[in-house]
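So you can see what is in the structure, the chains are spelled out below.
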Amino acid sequence: MEKPGKNIRVLIVDDSAFMRTAIKTMLASDPDIQVVGMARDGVEALEKVATLKPDIMTLDVEMPRMNGIETLKILMEKSPLPVIMVSSLTIDGAKVTLDALDMGAVDFIPKNLSDLSVNIVNIKLMLIDKIKQIGSKGLKKIPKKISSTSGARTATQVPAPKNVQFTSSKRMNIIAIGTSTGGPKALQLIVPLLPKNISIPIVISQHMPHSFTGPFAERLNQLSQVCVKEAKSGEKLLSGVVYIAPGCGHMSIVKKGIEKYICISENSEFIYKPSVDVMMMSVAQMYPGNCLGVILTGMGQDGLRGMRAIKESDGRTLAQDEESCVVYGMPKAVVDAGIADKIVSLNEVAGEIINSI
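Residues numbered from 1 in each chain as written. Predicted model: local features only at pLDDT ≥ 70, side-chain atom pairs only at ≥ 80, totals over all residues. Heavy atoms only, no water.

## Examining the UniProt feature "active site" (unreviewed entry) in the chain
- Feature annotation in UniProt assigns "active site" (unreviewed entry) to the following positions: Ser180, His207 and Asp302. The annotated residues occupy 123 residues of the chain but converge on a single region, no pair of C-alpha atoms lying more than 9.7 Å apart.
- Tracing the sequence through the fold places histidine 207 in the loop between β7 (202–206) and α7 (210–223).
- Histidine 207 has contacts with Thr179, Ser180, Tyr272, Lys273, Pro274, Val276, Asp302 and Met330, leaving out every residue within four places of it along the chain.
- Looking at the element boundaries, aspartate 302 is found in the loop between β12 (291–295) and α9 (304–312). (UniProt positions renumbered as here; feature names shortened; annotations may be inferred. Helix = DSSP H or I, 4+ residues; strand = E, 2+ residues; numbered from the N terminus. Contact = heavy atoms within 4.5 Å.)

In C-alpha cells:
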C-alpha cells in the first residue's frame, strides 16, 4: 500500500546495482517521492510499468537484453510516461541521449555518479526537483519533431507558425533564447523554421554538459536552413548564424572596436551552465532597445535577471506559456515578475522571432 504523502511514483531502470541503489537513496530523502520498483533491463522495465503504473521512470541507455533506446520506443508507443535518461557524459553518450530526447524522453542525468562525488549534493537536489516537477505533471504532448533525414535541411514537415506580432514594428538586431529541461525538443521545433537568409545573429543558452552542446548544435544544423554552430570564444558574431553556447562556460557578447565577438568565460556566481542570465545581460548591454529575449521551458529562475535587463534596455521579451512547457519554471519566473511582453505557446515562438527580424 502506498504511504501517505508519497505522491510521485518512480521506477528506476539500470543494469548497475550501484546506480539503482544510488538513485533510490537520493530519492528516498524526499517524502513526496516513492520508488515503487527497480528493473535491471528494458524487458523487466516494461513488465513493471504494466503492473506498477509509475508516474515517471529513470532509464539507463546501455543494458542487456533490451537497451534504453529500444525500451523507450516501445514505452512511448504502448504506455507513454515521462522518462529521464541516465546518460554517460561522452560524445557517443550525448548522441544517444539526444536520440532519446527526440523519441520522447524529457531530460537526463549523468551516469557516472561515482565520479561526481564532489557535486553529489547538487545532483541529488537536481534529480529530486526534476522528478517532482516532471512526474507531477505527466507527459506533455509536444508537437512532432522534424524528421532528421540524412543531409536534409528542410522544415516542411513542421506546421507553419501563427503570424502573431508585437504591437511595435521595431526590428530587432539580435535574438537571445534561454532554456533548460524540455529545451532540446523545443529548439528543434523553432530553429528549423527560421529562414536561411535571416539578417541578424541568434544566440542560445541551453543548460547542457559540454560534451552535449557540440552534437546538439550539429543536429540542429542538419535540420535547419540557417547555419547553426557551437559558439567559440573569440569568434566574430555574424548575422545569419545561430550560436549554441558551449557547456564549458558562460557565453556573452563583447565589443572590440566596431565589431562584436563571442566570449566564453567562467563565473562561479552563476550555477547553471551555460548561464542564460550572463548571455542575456550582455545582449541587453550590447544591443539596448534592439534585442528580443525569449525564455523557454526549464526549471529554476535562470534567465530572470537577463530578461529583466533586456526589458529595462527597451528591448522585447517573450515567454513560453505553461501549457506547452515541459517544466514551467524559467518562464514562470519571468511572467510572475511582470517582465514578459508576450506569452505564447511553443508553436508560436518561431513566428514571433521571424516577425521581429
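Having put the structure on the table, let's press on.
## Considering the pairing of strand β9 (residues 241–244)
- Every second residue of β9 is oriented toward a common face, with Val241 and Tyr243 on one face and Val242 and Ile244 on the other, all of them buried.
- Both β7 and β9 contribute to a ladder of three bridges, which runs parallel. Along β9, the bridge assignment pairs isoleucine 204 with isoleucine 244.
- Relative to β9, strand β8 (residues 227–230) runs parallel, the two being bridged by four bridges. (Buried < 20%, exposed > 50% of the residue type's maximum accessible area, 1.4 Å probe, protein only. Pairing = 2+ DSSP bridges.)

## So, the pairing of β7
- The element β7 is extensively covered by neighbouring structure, given that five of its five residues are classed as buried.
- In β7, alternate side chains face the same way, and those of Ile202, Ile204 and Gln206 on one face and Val203 and Ser205 on the other are all buried.

## What to know about the packing of helix α2 (residues 42–52) against helix α3 (residues 68–78)
- At a minimum axis distance of 9 Å, the contact between α2 and α3 shows a crossing angle of 25°. Between α2 and α3, the angle is such that the two are roughly parallel. Like other packed secondary-structure pairs, α2 and α3 cross with a definite hand, here right-handed. Touching Gly42, Ala45, Leu46 and Val49 of α2 are Thr71, Ile74 and Leu75, all from α3.
- Residue composition of the contact of α2 with α3, grouped by class: five nonpolar, two polar and no charged. (Axes fitted to C-alpha atoms, helices over the stretch in contact; angles between N-to-C directions. Parallel < 35°, antiparallel > 145°, perpendicular 65-115°, else oblique. Left-handed = near helix turned anticlockwise from the far one by under 90°. Nonpolar A, V, L, I, M, F, W, Y, C, P; charged D, E, K, R; others polar.)

## A few points about helix α11 (residues 346–356)
- The buried fraction of α11 is high, at nine of 11 residues.
- For α11, the full list of buried residues reads Leu346, Glu348, Val349, Ala350, Gly351, Glu352, Ile353, Asn355 and Ser356.
- Those residues of α11 that are buried are in contact with β6 (174–179), α6 (183–188), β7, β12, β13 (316–320) and β14 (342–344).

## Some details on the sheet that holds β8
- Across the sheet, seven strands lie side by side as β8-β9-β7-β6-β12-β13-β14; this open sheet has parallel pairing. Each edge of the sheet is formed by a strand with only one pairing partner; in this case those strands are β8 and β14. Recorded for the sheet is a direction-independent mean angle of 20° between the axes of neighbouring strands.
- Two strands pair when backbone bridges link them, and β6 and β12 are joined in this way by five bridges, in the parallel orientation. When the bridges of β12 are listed, isoleucine 177 appears paired with valine 294.
- Contacts between α7 and the sheet are confined to β8 and β9, with β8 contributing the most and set at about 170° to the helix.
- The sheet strands contacting helix α8 (residues 276–286) are β6, β7 and β12, and the helix crosses β6 at an angle near 165°.

## What about the side chain of glutamate 44?
- Relative to the helices and strands, glutamate 44 is located in helix α2.
- Excluding residues within four positions of it along the chain, glutamate 44 makes contact with Met38, Ala39 and Arg65.

## A few points about the packing of α8 against α9
- Taken N-terminus to C-terminus, the directions of α8 and α9 make an angle of 10°; their axes are 7 Å apart at the nearest point. In this view, α8 runs roughly parallel relative to α9, as classed from their interaxial angle. On the side of α8, the interface is formed by Asp277, Met280, Met281 and Ala284, while α9 contributes Leu304, Arg305, Gly306, Met307, Ala309 and Ile310.
- Residue composition of the contact of α8 with α9, grouped by class: seven nonpolar, one polar and two charged.

## Notes on the sheet that holds strand β5 (residues 107–110)
- Strands sit in the order β2-β1-β3-β4-β5 across an open sheet of five strands; the sheet is parallel. In this open sheet, the two edge strands, each paired with only one partner strand, are β2 (33–39) and β5. Averaged over all neighbouring strand pairs, the angle between strand axes comes to 25°, with direction disregarded.
- Both strand β4 (residues 83–87) and β5 contribute to a ladder of four bridges, which runs parallel. In the strand pairing of β5, valine 86 is matched with isoleucine 109.
- Against the sheet, helix α1 (residues 17–28) engages β1 (8–13), β2, β3 (56–60), β4 and β5, with an angle of about 170° to β2.

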